[in-house]
Amino acid sequence: MPSAPRIFRAIPEGVVTRPAAGIPVIAHLHWHGGDTTEVAATAVAWTARAVEIDWITPWGDRRRDWVPADQVRRARGRATPPPRR
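This is a predicted model, so every value here is computed, not measured. (Residues numbered from 1 in each chain as written. Predicted model: local features only at pLDDT ≥ 70, side-chain atom pairs only at ≥ 80, totals over all residues. Heavy atoms only, no water.)

Caption draft 1: The arrangement of the overall build of the protein chain in detail. Per the secondary structure count, the protein chain includes zero helices and five strands. Moving toward the C terminus, one meets the helices and strands of the protein chain in the order β-β-β-β-β. A burial count over the protein chain gives 36% of its 85 residues as buried. If you take every contact in the protein chain between residues at least 6 apart in sequence, the share linking residues at least 24 apart comes to 49%. (Helix = DSSP H or I, 4+ residues; strand = E, 2+ residues; numbered from the N terminus. Buried < 20%, exposed > 50% of the residue type's maximum accessible area, 1.4 Å probe, protein only. Contact = heavy atoms within 4.5 Å.)

What follows is the structure in structure tokens.
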């Protein structure tokens, strides 16, 4: 079975905050192969050091992953990633 590229993830610790509605963000993802990518995402939860994002992969799959908080910044625009095609 071929393996899919993976991103480096964070492990959430401490109190998790979940907003009533997601917040649009830009996430700077670090891939295990060494590449980095910026993606539009929605922050759906966070701790002091990690953010759970809802995002669409380059292959069109919707995912939820925890990433380090320093890899996420607020964005303007829609609160959810574009629909899968």
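Caption draft 2: Region of interest: the nonpolar core. By size, the foremost hydrophobic cluster in this structure holds 14 residues, and its most contacted members are Val 25, Leu 29, Ile 53, Trp 55 and Val 72. Broken down by element, this core gets its largest block of residues, four residues, from strand β1 (residues 23–30). Aside from chain neighbours lying at most four places away, what touches Ile 53 is Val 25, Ala 27, Leu 29, Ala 41, Thr 42, Arg 63, Arg 64, Asp 65, Val 67 and Val 72. (Core = buried A, V, L, I, M, F, W, Y, C linked by side-chain atoms within 4.5 Å.)

Caption draft 3: Inspection of the pattern of salt bridges at higher detail. Within the structure shown, the criterion is met by six salt bridges. A salt bridge links Asp 54 to Arg 62, with the shortest nitrogen-to-oxygen separation between them at 3.2 Å. Residue class for Arg 62 comes out partly exposed when judged on its relative accessible area of 42%. Note that Asp 65 and Arg 63 form a salt bridge whose closest N and O atoms lie 2.7 Å from each other. Several salt bridges share partner residues, and in doing so they unite Arg 9, Arg 63 and Asp 65 into one network. (Salt bridge = Lys/Arg side-chain N within 4 Å of Asp/Glu carboxyl O.)

Caption draft 4: Up close: the packing of aromatic side chains. Tallied over the full model, the rule gives two aromatic pairs. Where Trp 31 meets Trp 55, the ring centres are 6.2 Å apart and the plane angle is 70°; that geometry is what we call edge-to-face. Of this pair, Trp 31 sits in the loop between β1 and β2 (36–46) while Trp 55 sits in strand β3 (residues 50–56), and the two are 24 residues apart along the sequence. There is no split in this pair, since Trp 31 and Trp 55 are both buried. Relative to Trp 59, the ring of Trp 31 has its centre 5.9 Å away and its plane inclined at 85°; by these criteria the two rings are edge-to-face. Of this pair, Trp 31 sits in the loop between β1 and β2 while Trp 59 sits in the loop between β3 and β4 (62–68), placing them 28 residues apart in sequence. (Phe/Tyr/Trp six-rings, centres within 6.5 Å; stacked < 30°, edge-to-face > 60°.)

Caption draft 5: Representation of the pairing of β2. Pairing geometry for β1 and β2, over eight bridges, is antiparallel. In the strand pairing of β2, Ile 23 is matched with Ala 43. Where β2 lies against β3, five bridges are found, and the strand directions are antiparallel. By the bridge assignment, Ala 45 is partnered in β3 with Glu 52. Hairpin geometry of β2 and β3 is characterised by an intervening segment of three residues between the two adjacent antiparallel strands. (Pairing = 2+ DSSP bridges.)

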